[in-house]
Amino acid sequence: MSEEDAFKFFCEVRWGNQTTQSCLSCGAIDQHFFRASRRQWRCKHCDAYFSVTTKTVWADRKLSFKKLLLMLFVFTSSPNGISASSLSRKLGVAYKTAWIFCHKLREALMRTEDKALMSGEVHVDGGHFGGKPRSGQFRNKAKPEAIAEKIKLGKSQGAKRSKISRANFERKKRNRRIVMVVRQVTPGLGGVRTRCFLAKAEDDSAARFIAQNYIEKGALVRTDECPAYSMFSSRFIHETVEHSKEYSTIDGVNNNQAESFFSRLRRSEYGTFHRMMARYMLDYCNEMTWREDHRRTTEGFRFTDALRRSLIVGYSRWWRCYGEGVRRGSELLFNENK
């Protein structure tokens with residue numbers, strides 16, 4: 001694609017054609033006056049100037065249309081996501097440019113998610129992410145006499161695990177979060193809709209928040225044996241599986257689709273990003289919900305869908321003017337009262 005082809009593709013995705021445009025000031029749909037030298041339009045009704053990226057997450061862009069599309073393709077074609085450092089090397093852009101690009105896309109995916117209540121069969125679970133403590137500085141190898149002593153005492157064989165400093169453990173524990181996931185399941189297709197949020201604990205307040213905001217009354221909800229979900233029985237058809245004994249009951253009761261989502265998120269954390277800060281963890285989680293829900297679609301559909309979402313969501317709330325010091329104030333933890 002040339003730069004002109006990339007520009008026309010942006011216009012088609014945003015307005016559905018290359019001939020008419022919607023003025024972003026007065027809303028008039030017409031074939032407005034085009035300024036070819038700047039790729040801008042002047043509205044025939046209110047004289048306002050606008051471009052195809054006005055009032056989108058790409059407003060005030062510095063990258064060319066062709067470069068934006070190439071970065072978008074690399075982002076959407078990576079099954080477990082792509083790190084900003086890898087994207088910057090592949091595309092020849094600065095690390096901060098790649099970092100902001102990825103997070104603007106994640107914001108667009110998060111703000112355009114389907115918030116309709118889930119029905120039918122729904123799997124619910126919580127997973128621990130972030131805050132993994134490092135091992136100690138030294139490795140303690142067991143001596144033969146120590147192993148013999150353990151055998152005499154009837155204890156399990158093997159070397160003692162190196163102790164983790166209490167201060168390091170507490171520091172990492174502060175960054176640990178519970179990712180609560182809710183997945184609507186269709187027999188034969190698996191999870192078809194996924195939503196998630198962050199919590200400090202898998203407790204009654206998180207379960208109540210799910211029951212009130214995520215699932216239709218009367219749905220079939222499957223969870224593990226966590227006591228926090230006991231209140232589901234009054235609102236849903238609630239079935240549980242005891243994971244300490246089995247992955248699935250004899251009757252086929254399981255919440256494997258929630259576990260499947262955690263598998264992808266875990267692989268992304270360990271193999272791609274290596275670290276997810278608590279402040280931005282929900283952004284990564286929502287990226288993975290989008291990837292899970294579109295895992296059976298074509299490359300072209302994912303590419304066009306991500307671009308369309310980025311063009312309809314409006315200005316970026318958290319990443320516009322990031323280079324000038326604008327930062328998200330806090331992490332996006334769920335609030336039971338909202």
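See the structure above.
As the structure is a prediction and not an experimental result, all values here were calculated from the model. (Residues numbered from 1 in each chain as written. Predicted model: local features only at pLDDT ≥ 70, side-chain atom pairs only at ≥ 80, totals over all residues. Heavy atoms only, no water.)

Please explain the environment of Leu198 as it appears in this structure.
One can find Leu198 in strand β8 (residues 190-199). When its relative accessible area of 0% is taken as the criterion, Leu198 is described as buried. Along the primary structure Leu198 and Cys285 are separated by 87 residues, whereas in three dimensions their C-alpha atoms are 9.0 Å apart. Here Leu198 is in contact with Arg177, Ile178, Val179, Ala278, Met281, Leu282, Cys285, Leu332, Leu333 and Phe334, once residues within four sequence places are set aside. (Helix = DSSP H or I, 4+ residues; strand = E, 2+ residues; numbered from the N terminus. Buried < 20%, exposed > 50% of the residue type's maximum accessible area, 1.4 Å probe, protein only. Contact = heavy atoms within 4.5 Å.)

In this structure, what is going on with the nonpolar core? I would like to understand it.
Membership of the largest hydrophobic core comes to 62 residues, with the highest contact counts inside it found for Phe10, Trp58, Leu87, Phe101 and Val179. Here this core takes nine residues from helix α4 (residues 95-111), the largest share from any one element. Apart from residues no more than four positions distant in its own chain, Val179 is found in contact with Asp125, Gly126, Gly127, Phe129, Cys196, Phe197, Leu198, Phe261, Phe262, Leu265, Met281 and Cys285. (Core = buried A, V, L, I, M, F, W, Y, C linked by side-chain atoms within 4.5 Å.)

I would appreciate a short explanation of the packing of α4 against helix α10 (residues 299-312) in the present structure.
Relative orientation and spacing of two packed helices are given, respectively, by the angle between their axes and the distance between those axes. Running from N to C, α4 and α10 cross one another at 85 degrees; their axes reach a closest spacing of 9 Å. With respect to their mutual orientation, α4 and α10 come out roughly perpendicular. In this structure, α4 uses Leu105, Ala108 and Leu109 to contact α10, whose residues at the interface are Ala306, Arg309 and Ser310. In the contact of α4 with α10, the residues fall into four nonpolar, one polar and one charged. (Axes fitted to C-alpha atoms, helices over the stretch in contact; angles between N-to-C directions. Parallel < 35°, antiparallel > 145°, perpendicular 65-115°, else oblique. Nonpolar A, V, L, I, M, F, W, Y, C, P; charged D, E, K, R; others polar.)

What is the right way to read helix α7 (residues 204-213) from this model?
It helps to recall that an α-helix has 3.6 residues per turn; residues three or four apart then point in one direction. What α7 keeps buried is the set Ser205, Ala206, Ala207, Phe209, Ile210 and Ala211. Of the surrounding secondary structure, the elements contacted by the buried residues of α7 are β6 (121-129), β7 (177-186) and β8.

It is not clear to me how helix α8 (residues 256-273) should be interpreted in this structure. Could you clarify?
Taking 1.5 Å of rise per residue, the 18 residues of α8 would be expected to cover 26 Å, and the 24 Å separating its terminal C-alpha atoms lies within 8% of that figure. Within α8, burial applies to Gln257, Ala258, Phe261, Phe262, Arg264, Leu265, Ser268, Glu269, Thr272 and Phe273. Angular distribution of buried residues about the axis of α8 spans 160 degrees; they occupy a single face of the element. Turning to α8, the residues buried within the fold contact α4, β6, β7, β8 and α9 (281-293). Of the residues flanking the end of α8, it is His274, one or two places downstream, whose phi is positive at about 70 degrees. (Expected span 1.5 Å × (residues − 1). Arc of directions from axis to C-beta.)

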